[in-house]
Structures are given as structure tokens and as C-alpha cells.
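Single-letter residue listing:
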6 protein chains.
Amino acid sequence: TPESAERTAVPGVATGLAVTGAGGDVLFIEANAAPGAQGNGEPELVLTGQLGDVMKESAHIALSYLRSQGDRFGADPEELRGRRLHVHVPAGAVPKDGPSAGVTMVTALASLLTGRLVRAEVGMTGEVSLTGRVLPIGGVKQKLLAAHRAGLTEVLLPARNAADLDDVPASVREALTVHLMEDVADVVALALEPATTAQVQHAA
Amino acid sequence: TPESAERTAVPGVATGLAVTGAGGDVLFIEANAAPGAQGNGEPELVLTGQLGDVMKESAHIALSYLRSQGDRFGADPEELRGRRLHVHVPAGAVPKDGPSAGVTMVTALASLLTGRLVRAEVGMTGEVSLTGRVLPIGGVKQKLLAAHRAGLTEVLLPARNAADLDDVPASVREALTVHLMEDVADVVALALEPATTAQVQHAA
Amino acid sequence: TPESAERTAVPGVATGLAVTGAGGDVLFIEANAAPGAQGNGEPELVLTGQLGDVMKESAHIALSYLRSQGDRFGADPEELRGRRLHVHVPAGAVPKDGPSAGVTMVTALASLLTGRLVRAEVGMTGEVSLTGRVLPIGGVKQKLLAAHRAGLTEVLLPARNAADLDDVPASVREALTVHLMEDVADVVALALEPATTAQVQHAA
Amino acid sequence: TPESAERTAVPGVATGLAVTGAGGDVLFIEANAAPGAQGNGEPELVLTGQLGDVMKESAHIALSYLRSQGDRFGADPEELRGRRLHVHVPAGAVPKDGPSAGVTMVTALASLLTGRLVRAEVGMTGEVSLTGRVLPIGGVKQKLLAAHRAGLTEVLLPARNAADLDDVPASVREALTVHLMEDVADVVALALEPATTAQVQHAA
Amino acid sequence: TPESAERTAVPGVATGLAVTGAGGDVLFIEANAAPGAQGNGEPELVLTGQLGDVMKESAHIALSYLRSQGDRFGADPEELRGRRLHVHVPAGAVPKDGPSAGVTMVTALASLLTGRLVRAEVGMTGEVSLTGRVLPIGGVKQKLLAAHRAGLTEVLLPARNAADLDDVPASVREALTVHLMEDVADVVALALEPATTAQVQHAA
Amino acid sequence: TPESAERTAVPGVATGLAVTGAGGDVLFIEANAAPGAQGNGEPELVLTGQLGDVMKESAHIALSYLRSQGDRFGADPEELRGRRLHVHVPAGAVPKDGPSAGVTMVTALASLLTGRLVRAEVGMTGEVSLTGRVLPIGGVKQKLLAAHRAGLTEVLLPARNAADLDDVPASVREALTVHLMEDVADVVALALEPATTAQVQHAA
Ligand SMILES: [Ca+2]
Ligand SMILES: [Ca+2]
Ligand SMILES: [Ca+2]
Ligand SMILES: [Ca+2]
Ligand SMILES: [Ca+2]
Ligand SMILES: [Ca+2]
Ligand SMILES: [Ca+2]
Ligand SMILES: [Ca+2]
Ligand SMILES: [Ca+2]
Ligand SMILES: [Ca+2]
Ligand SMILES: [Ca+2]
Ligand SMILES: [Ca+2]
């Protein structure tokens, strides 16, 4: 789609699906990294976009998961040392909360760290546990309608939300490829563009 | 049980028993460790899952206990230096509080530090004092019903809750092996799988 | 105009457009840099002017953007290390909030870091995402009226606000050159005076 | 008594007397020490048990007192450098406040630092000033009744509470040995078991 | 005047003009410096006198201004490194707020750093921007009446408050020399006593 | 008097005069010092006794004053480096606030730092400015009555409270020697016992 293609044209941006007061919507999670304090200290996390407590915790869970499991998809945890990671969710004035952006945060950070782009046609939703399990979320129907409206063609959904697909209009379901996920490492594998040799020395 | 088996398939996850608005439930406490700030400083504790004050204090008590007594079950306190320990309790949006997850926190951290899995058929509940004593908790009936519903077959309970077992339906009591505990070191000994030689260089 | 000319006569000051209780107004964003703590640590951000949460987040986004993209317009991120950046928005007692000063913050900091003045005849408004995209804002009509009243002759506006120009009186539209922007790097390129050789060793 | 004997069987635990909504009660103050941050920095104090402001201040006063006067009873202040002292007061979910646990906190920490056990038959109450003076407290009657109920046989009380002993039933007074204290160093001397040679290399 | 002469008899004290519930008043801003943490770190600012948010921000603006522009009047920014600057505004129990003490804070700190006394007959008021511009304030009439009552003979006022002088009774205006200021560097130049050779090694 | 003699028998304790709900009272300010964090960093201030904001600020003012002027009465500011100063005001559960303990705080700290005792017969009250001026306070009548009741024979009062002495009953005024003070250095000179040679290596 035009907007998600434009937004995800740089590493570190992933497309999530959210429930808002007015139905569902797509939301972009942007991550960027800067040299942190001198030395090799623990990575620092800066969070903006008027995120609520639960969504801030999701970012911490995403970072801890990547630090312990990131080497499963080529995100070397050692590269995180001494980094300052900034995660922002526009629009900046809209309060956002809830755990369902967990998979999107892991994916945005994995994209940033590997230098691989997120595929523009993919939207995703799902809580992530600290061990990387994908936990069920609410609002499946509104989220799939929003993904379809925004021109996305693939959606990654928690396996434990399979039953909620019954509520989605057939026309929308048929237009979308829905993947049911249990492990966030599989989410990342599906969502990122293949690595290219140029990405060996990526810019994170 | 399918779910607890899946959840506790990695070191650092223990199955607790909780009272919720709608009776009892099982809850998984997940712990993971990352290299902390450079050097050998004091371990840092990151807590997520919308934990209340009392439950956060339980995590600090669990860590202090392990630092002073962990060598009783092979968790070398020296290995904690310079670590960043993240303890998360899904589901991420559900507020949780109270002291009764104390034994579960000690067990999850002991599993993480020794690299030994928690036995999948075991659920537990109990407050822990700083010296490792297991103190009584509430909701024994609801918790045992929840353990049974979730397919667990062994429950670790504070000895001082022995009298509360009278309230549990006979069919449930018979289906469960209940251990009455006074010392959290015994909880850990009962709950962890035996050590294997492979775990000498565990991943904590 | 007399006031914006006077205010932007030193590097680090940019002219923004804001909506207030009484219509629109121009507002000046001032940035200054001092040697921070010894060493080459991460830059520190001091924010004054009774800024609300969202506006403070805009400043953090501006800084993160400059750290990762600043070399696109000659703001060497390395020079930010160990700096203490103070961003102030007079008048000091008036509470201010919202994301629409994002482009002005990026411009003020870019001016400070390059030593190039902001052009006195330019006013600007727009939210900035972490990747530098210019996002739409509200109050286009009031902001353009205020720019005109203050004697500004060029206005930088988010491209996605193009439709809002219909609401602006023709006399005002004709008096102003309006640039529609998608990328904040273009905002900076348009807003800053050309570099002079003297600015190679600027004072930031 | 069974409970206090069991609780005070390790160094660092002292038996206090408290007033609760339902009369008096005994309460155990537990202290433990771990290697703190690397180096010889100032000791850190971690406080748990839902302690109120005044009770937290008592712990800071106890620590400051021990740092400046601890050598009067063999608690070498130098050993406190670089330590992380955790003081916990079970039960973890019960809020507690007030200054009257001051003497008990000094005694628990003195026990921890010297490796000498607190005598199991002793309960105590009293505010402590920074210079070690024992200041009067309330609830003498309820506290002595609770001590008696719990099977304690010796009670340490502020000298300035002597008049309050008139309110205590004769049978209880006769069953208890009451010591009236002015200086917390005397409290510690009375409450700790004698040092043994084995305690020269105690475990603090 | 007796009081301002006595108060400003040491470097670091400047006389401001304030509006209170009961008309205007003079207020003294006191600054002192101590060796801060070891090393050459960033100066620390300690603020007392029950200052509100806006007035605290004024102190930060004053410090940032002096760090970037102080060499214009002999306040070497390098000397600020590693210093702990304490700014106090008696009386200590009276809450104070607002931006109009900005020029007085710059002057008190400039006096402290140069070792030059503030002239006892001078009172001042004015907001300061980060670039040193003097911005208009309220309460001109009450402030000039208070200055006159307190025996001051010179008043430094923002140029943009010139029109407010019409409201001041002629007898008071004639008794006072009013200077209209645009740049806080001029305020400092007017307010400080001339430097003497003895001040080369001043005591800051 | 018995109580103030007992309380001020160690260096670091001074007797203040306060207004309470029930008239006036004497209050003891206790200070003690411990080796702080390793190195020669800035002194740390720990404040207990349920002190309000204004009273906490008084302690910071007292410390800043001593750091810049302490050598006027033999309190070497260099000795403060790397120290942790604890100031406590019993009784620990009674909230206290207001600026009038300023002179007492300076005196207690000066006693601690010089090792000279505070004279047991002296009570004092007065706000202190950052430059050491003694500012007027309220409640003179109640405070002098309390001093007399407590058996004190000398009272140090701000000179600007001279007029309030008219309200004090003649019998009380005659029994007390009242000193009117303008400079807190004079307060310290009057309140401390003379130095002895033994105090050269005092215990701070
Ligand atoms: Ca919340
Ligand atoms: Ca559902
Ligand atoms: Ca709470
Ligand atoms: Ca029960
Ligand atoms: Ca807000
Ligand atoms: Ca619009
Ligand atoms: Ca409180
Ligand atoms: Ca009593
Ligand atoms: Ca405010
Ligand atoms: Ca005016
Ligand atoms: Ca207050
Ligand atoms: Ca009075």
C-alpha cells in the first residue's frame, strides 16, 4: 500500500494493527538507534508517542526477548550493548496502550538490528511473553478490516485467536493471507525481507 | 498439561496459582537474564506485567533470598553479579498483586540460574520471607480447583495452610499430590527437574 | 519582520506557528548547547517553557532524528556527544503542548549544530516522525493568519495538510509562499541560510 | 516460643512488638546482606513489607546509628561498606508504620553484622534517636499482652514508658521480665546471644 | 537602602522586584557555589525558597545563558565546571513563582562568578530568554512603588514594558532612574559594581 | 536541664524552639556523619523525622552555608567531601515544617564538624539565609515559654524579632538571657562549648 510502503522503506519500522475508538486502524512502530553513553553498558530504551504503562512494558519485554533470543534471527545481542534505542509510535498526541503491539515492537527492533526491511504488505498484532510466545489479543475483526482498508495483504495473528476469524466478513478474509503464530521468532522470519549481503554492515 | 508443559519448556518459567475475580487461575512467571551494565555490579531487576507494590516487593525478596541462600540449591550468587534479571507475568494487561507468588518467583529465578527446568506438572503458591520461610496465603480452595482444571497433578502449599485443605472437594484433593512446605529451599528442590551434566554451562 | 529578525539573529532559534486560545501566534524555539559532563557520553536534553508531555516528546524525537540523520544536512552526530542541549520556548509562564512544533525543533537544533541562521522570513509547523516524515497538524488557517500578521512571507506546511489551504483567505494565501513538505530534511534545507565558510568552526 | 525460636534461628531476625487494629501482635524484622555494587561504596538499604514513611525512616536511622556507633557492640562499620542491606517485615501484604520498631531494627541489623543470634525469648519496642537514645512509644499494654500470648518471657521497653506498666494486668506483668532501656546499645547487649569464637568470620 | 545594602554586601546577591498578594515587594536572590562532585562535570543547580516550576525553569535558563554567553561580562564558563550552585530566595516559607525574576537570577549568578558586588541601589525585573533577550513582565506599577518604598533609586525594566510606566505616579517615577533593557548582558553591566584587581582570584 | 543536658552530651545535637499545636516546645536536632561513597564527592544529606519541604530546604541551606562559610568557625569545608550527613529530628512520627529551625541546623552541623558540644543551657530559633543572615520567625512568646519550662536559661533569637519580646511575660523574660542575632556565625560562636585540644582529631 502507498502509506505502509512509504513508512516501512527504512529499517526499524513495522506495521501494527490497533483498535481505536472508531474501529480498527494501522499504526507504525518506528525504532532508531544511536550511540549511547560511552562504553559497552546496557542498552537504554527511550519511548515516545504517549504510550501507556502496558505498552511501555511491551517495549521492555521486546528488548529483553531480543537480548536473550535475538541470535535466532541474526540480531546479535552484543550489538545492543551501549546503544540508545528510541521507539516511537506516531501520531505523537494520541494516547496508546495495551499489550497487543508486542509482536510489532519485536519486529521493528529486529528490523533495526538486522538492517532488513519489514515487508510493506504485512500487518501484525499479538502480545508477546518474555520467552517469545505469542499470546491472544482482542479486536480481531476490527483489526482485519483496518488491514484490508489500508491495502495490506498479509496479516500475522496469534494462533490462539484462530476462532475469532469466524467474525471477519468473508470478502475481507479472502482478500487477506492470515498466518497464525505461536512463536515471535516465526513472526520475525515471516515479516522481514530476506537479508542481502549489503546488510552485513548495517547502520544500526 | 499441554499449556504448562509448553510454557515451562525453557528454564526460568514456573507455574503459580492465583485467585482472580472469577475464582482461581494458573499464572506463569517468566524470568530471563541479560548481561547488565559492564562490570560486576549488583544485579538489576526489571519487573513487568502490571505488578502491584506487594508483588514487586516479592520479587525483590526472591532475589535477596537467592543472593544469600542460592548456593543451597546450586544457584551460585556470584553469577548474579552484573546481571539484569527481567521477571514478567503474562497476561501483560491484567493487574496482579499480593505476596502469594513468592515461592513461584524464587523457583523461576532458581530455574533460570541453574538452567534446570521446572517440572511441568507442578503448581505452587506461598509467601516467602527474607529468610526463606514459607508463610500462609489465602484462596487455597480456588487455587487447587484451578490447578486441577489446568491439568496439574502436584501442588506445593504452605504448611500453615494445611487446615484449608478441608475446604477442597474430595475428588480434587484425590487427584492432586499436595506437598506442605515450610522452607522455600524444599520448594525449589521439589519443583525443579534434576540437574543434567549439560547444565553445567547453562545460558543464564 | 522586526521581531523574527531580531529573535533569529543567532543560530539555534527557529520560528514556529501555534494555535492558542486566541487564534494563532508565532512562537520562537531557542536552543543552546554547553559542554556537558566530562567525556563523550550521550547528549542531555534540558527542556523549559512549561512544555507538556507531548511537546517534550517532540524534543526527544527531534534529537534522535538528528543523531541518526543529521549528517544529511551537515549536522555531525559525533559533535552531539557529551553536549547538554537546552531547548526553551518563551514566554516562560505560558503552558504549551502538542506535536506540531516538531519541525521547528528539528530546525532550531539543526541551526545550532551547523551554525547556520534560520531565515527570518520563514515560519513552520508540522509533526515529525522518528524517521523524519512530516505528519499533518491542525489549525492551518489560524497559523497562516498569524504568520501573515507577524510579517512572515514563507510558510512550511505538511504536504498532508494541502487540503486545509482552502480555508485560508485568498489575500493571506497570496501574500505567503507556502511550501508543502514530506521530509523534515527538506524543511531544514529550505529554512536555514546557506552555509558560509566561517561556519566551519561554529560555536555550538 | 515455637514461632519466635524458629524465626530467630538465623542471624538478622529480631522479634518486635506492634499495635494492630486487633490489639497487639509480635512482628519479626528480617535483615540480610549481599555484596552490593562493586567497590567500597556506601551501604544501600532495600526495604520491603509495605512499610510506611515513618518506619522506612526508622530503618535509615538504625543504619546511620550502626555506622557511627556499631563498634560499641562489635559491629564493625567498615564491614558495611559496599553492602546491600535488605530489611523485610512479613507479612508482606500488611501495611505497617510508626517509629516504635526502631530498637528492633537496630537489633536485627546488629545481629546480622555480628553473626550473633537474637535471643528467642526476647521481644522489644521503642523509638530510637540518631544518637541511640530510646524514646517512648504507645500501646504498652497491648504489646505486653501480645508478648505474653506469643510465649515470650522478656520484654525490652523504653524507660520513659515505665508509668505505662501500671495498665498491664498483674498476671502478665509477673510472667514477663521487663527491662527499661535508655540507650539502644544496652538493648543490643541484652538481646543478642553471647558471641562465640565461630562468629569471628560470620556470614554477613 | 539599609536592607539592600546589607543583603548585597557579599557577591552573589541581587535585588529583584516582585508582585505579591499585598502589592509589590523587593526580594533578594542569593547564590553560592561549592566544590561539586570530584572532576570537571557539568554544574549542578540546587534551588530552595519554595520556588514554583516556572521560577525553577528561570534558574536553569539563567545558568544555560551564563554558560554560553557569560564570557561577554567576564564570567568564565569553564569555571562553572564541577560546581554546585545553590540559588535561594528568602523568605524560605513563602511560595514564589513566575518568570520575572529571570534578570535577577542572571545578575546574582554573574555577581557570584565574577566576584563583583551588585550595586545596592539597583532593583530589577524581567523575563530572560535563552538567548539573553529581556522579555516583558507584569506588575510594573506595584514593583516600582515597592522599589521606591525600599529606598532603591535605580530600576532595570524590560524595554517592552515602557508603556506601563504611564501607570506609575509621577512622584515615584521622578525619584527613580528607570533603565529600559533589551539584552540581559546590559542588565549585568549596569547592575554590577566595577571589577577591582582584587577580584581576579574571587571566591566562587 | 536534665533532658537537654542528656541530649546534647554528644557533638552534633542542638536544642531548637518550635511552635506546636499545643503552644511551644523544645526540639532536638541530631546530626551524624558517616563515610559516604568512596572518593571525595559532594556531601550527601539524609533527612528524617517527617520533615516538610521547607524544613528540608533549611537543611540544604545550612549545608551550603557551612560549605562556603564554615571555616569562619573552624568547620573545614574540605572535611565535608565524601561524607554522608544524616540530620534527624525526633520524635520520628511527628510531622515538622517551617524555616525557623535554620539556625539550629547550622549549629548542630557545626557542632558535628568541629567536635565541640552545644551548650546544654541554650535554645535557639531563626530562619537562615544562604549568606548566613538570621531572618525573623513567628511564635516568639510560645517559644520562650517553652524554653523556660524546659529549664533552658539562654535563648538565641533573630534581631528582627526584638519587638516580639514585649509579648513575653516579665517573669519568663527575666529568667532567660536573650541574645538578638543577625549573623548565624555569631549564633554558632555563642552556642558551642569552647574547643579543646582533644577535638583536633574529632570523630565526624
Ligand atoms: Ca496504567
Ligand atoms: Ca477474541
Ligand atoms: Ca500499593
Ligand atoms: Ca486460609
Ligand atoms: Ca500529558
Ligand atoms: Ca486539518
Ligand atoms: Ca506518610
Ligand atoms: Ca504511653
Ligand atoms: Ca506548575
Ligand atoms: Ca504590562
Ligand atoms: Ca510543601
Ligand atoms: Ca513576630
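The preceding data block contains the structure.
A quick note: this is a predicted structure, and the numbers were derived from the prediction, not measured.

(A) Highlighting the overall build of chain A. Counting secondary structure elements, chain A contains six helices and nine strands. Projected onto its principal axes, the C-alpha positions of chain A cover 55 × 35 × 30 Å. Per-residue burial over chain A gives 58% buried out of 204 residues. Expressed as a percentage of contacts within chain A between residues at least 6 apart in sequence, the contacts between residues at least 24 apart total 74%.

(B) Molecular detail of the relation of the copies chain E and chain C. After a rotation of 60° and a shift along the axis of 0.0 Å, chain E superposes on chain C with an RMSD of 0.0 Å. What the superposition gives is, in effect, a six-fold axis relating one chain to the other.

(C) Highlighting the pairing of strand E4 (residues 83–88) of chain B. Residues and elements named next belong to chain B. Burial within E4 is extensive, with five of its six residues counted as buried. With six bridges connecting them, strand E2 (residues 23–35) and E4 associate as antiparallel partners. Residue pairing across strands places Glu-30 opposite His-88, the latter belonging to E4. Summarising the sheet, strand E3 (residues 44–48) and E4 pair through five bridges and their orientation is parallel. Within the sheet, the bridge partner assigned to Val-46 lies in E4 and is His-86. Between E3 and its parallel partner E4, the chain crosses via helix H2 (residues 53–69), and the hand of that crossover is left-handed.

(D) Quick look at the coordination of the calcium ion (ligand 8). Here the calcium ion (ligand 8) is held by Asp-164 of chain D (OD) and Asp-164 of chain D (OD), and the distances to it run 2.5 to 2.8 Å. By the element assignment, Asp-164 of chain D lies in the loop between strand E8 (154–158) and helix H5 (170–175).

(E) The arrangement of unusual backbone geometry in detail. Residues and elements named next belong to chain A. Note that the residue after Pro-90, namely Ala-91, is joined by a cis bond; omega there is 0°. Along the polypeptide, Ala-91 turns up in the loop between strand E4 (83–88) and helix H3 (102–114). Here Gln-50, not a glycine, exhibits a phi torsion of approximately 55°, which is positive. Topologically, Gln-50 is positioned in the loop between strand E3 (44–48) and helix H2 (53–69).

(F) Summary view of the interface of chain C and chain A. Counting residues at the interface gives 22 residues for chain C, matched by 26 residues for chain A. Here chain C packs against chain A, burying approximately 2000 Å² in sum over the two surfaces, 48% of which is carbon and sulfur. A per-residue breakdown of the area chain C buries against chain A is headed by Glu-42, Glu-57 and Leu-130 of chain C, which together make up 27% of the total. Inspection of the chain C/chain A interface yields three salt bridges. Where Arg-133 of chain C meets Glu-6 of chain A, a salt bridge forms, and the shortest distance between an N and an O atom there is 2.6 Å. Counting every contact that joins chain C to chain A gives 12 residue pairs in polar contact (both at pLDDT 80 or more). Going through the elements one at a time, helix H2 (53–69) and strand E6 (127–128) of chain C are the ones with two or more residues in the side of chain C that touches chain A. A total of nine residues in the side of chain C that touches chain A trace back to one element, the largest contributor, which is H2 of chain C. Residues belonging to the side of chain C that touches chain A are distributed by class as follows: seven nonpolar, seven polar and eight charged.

(G) Spatial organisation of a negative patch on the surface. Residues and elements named next belong to chain A. On the surface, a cluster of negative charge is made up of Asp-71, Asp-76, Glu-78 and Glu-79. Topologically, Glu-79 is positioned in the loop between H2 and E4. Classification of Glu-79 by relative accessible area gives partly exposed; the value is 34%.

(H) Just helix H6 (residues 184–191) of chain A, in detail. All names here are of chain A. Looking at H6, one finds that the buried residues are Val-184, Ala-185, Val-187, Val-188 and Ala-191. The buried residues of H6 occupy an angular sector of 155° when the element is viewed end-on, so they sit on one face. Sitting at the head of H6, Asp-183 places a side-chain oxygen 2.8 Å from the backbone nitrogen of Ala-185.

(I) Focus on the environment of Ala-59 of chain D. Residues and elements named next belong to chain D. Within the secondary structure, Ala-59 sits in helix H2 (residues 53–69). Counting along the chain gives 31 residues from Ala-59 to Phe-28, while the straight-line C-alpha distance between them is 14 Å. Ignoring sequence-local partners within four residues, the contact set of Ala-59 consists of Leu-45, Leu-47 and Met-105.

(J) Focus on the interface of chain E and chain C. Listed by partner, the interface residues are 22 residues for chain E and 26 residues for chain C. Area buried by chain E at its contact with chain C is led by Glu-42, Glu-57 and Leu-130 of chain E, which between them contribute 27% of it. Linking chain E to chain C there are three salt bridges. Across the contact surface, chain E and chain C share 12 residue pairs in polar contact (both at pLDDT 80 or more). Mapped by element, the contributors of at least two residues to the side of chain E that touches chain C are helix H2 (53–69) and strand E6 (127–128) of chain E. If you tally residues by element for the side of chain E that touches chain C, the top one is H2 of chain E, at nine residues. Here the residues of the side of chain E that touches chain C are counted per class, giving seven nonpolar, seven polar and eight charged.

(K) Here's a closer look at the packing of H2 of chain A against H3 of chain A. Residue and element names in this part refer to chain A. The geometry of H2 relative to H3 is characterised by a closest axis approach of 9 Å and an angle of 45° between their N-to-C directions. Taken together, the axis directions place H2 and H3 in an arrangement best described as oblique. Judged by the twist between their axes, the crossing of H2 over H3 is right-handed. For the pair H2 and H3, contact is made by Met-55, Ser-58, Ala-59, Ala-62, Leu-63, Tyr-65 and Leu-66 and by Gly-102, Met-105, Val-106, Leu-109, Ala-110 and Leu-113, respectively.

(L) Examining the side chain of Ser-111 of chain C more closely. Residues and elements named next belong to chain C. Its location among the elements puts Ser-111 in helix H3 (residues 102–114). By relative accessible area, Ser-111 is classed as buried at 0%. A distance of 2.7 Å separates the side chain of Ser-111 from the backbone oxygen of Arg-116, its partner in a polar contact. Discounting chain neighbours no more than four positions away, the residues touching Ser-111 are Pro-11, Gly-12, Val-13, Arg-116, Leu-117, Val-118 and Leu-192.

Conventions we followed
- Residues numbered from 1 in each chain as written.
- Chains lettered and ligands numbered in written order.
- Predicted model: local features only at pLDDT ≥ 70, side-chain atom pairs only at ≥ 80, totals over all residues.
- Heavy atoms only, no water.
- Helix = DSSP H or I, 4+ residues; strand = E, 2+ residues; numbered from the N terminus.
- Buried < 20%, exposed > 50% of the residue type's maximum accessible area, 1.4 Å probe, protein only.
- Contact = heavy atoms within 4.5 Å.
- Least-squares fit on C-alpha atoms with pLDDT ≥ 70 in both.
- Pairing = 2+ DSSP bridges.
- Right-handed = clockwise from strand over helix to strand, strands pointing away.
- Donors = N, O, S within 2.8 Å, 3.2 Å for Na, K, Ca; no water.
- Buried area = accessible area lost by both parts, 1.4 Å probe.
- Salt bridge = Lys/Arg side-chain N within 4 Å of Asp/Glu carboxyl O.
- Polar contact = N/O pair within 3.5 Å; in protein donor to acceptor, adjacent residues only side chain to side chain.
- Nonpolar A, V, L, I, M, F, W, Y, C, P; charged D, E, K, R; others polar.
- Patch = residues over 30% accessible without salt bridge, like charges linked within 9 Å, V, L, I, M, F, W, Y side chains within 5 Å.
- Areas by Shrake-Rupley, 256 points an atom, 1.4 Å probe, with all protein chains shown as cover.
- Lys, Arg positive; Asp, Glu negative; His and termini not counted.
- Charge placed at Lys NZ, Arg CZ, Asp CG, Glu CD.
- Arc of directions from axis to C-beta.
- Axes fitted to C-alpha atoms, helices over the stretch in contact; angles between N-to-C directions.
- Parallel < 35°, antiparallel > 145°, perpendicular 65-115°, else oblique.
- Left-handed = near helix turned anticlockwise from the far one by under 90°.

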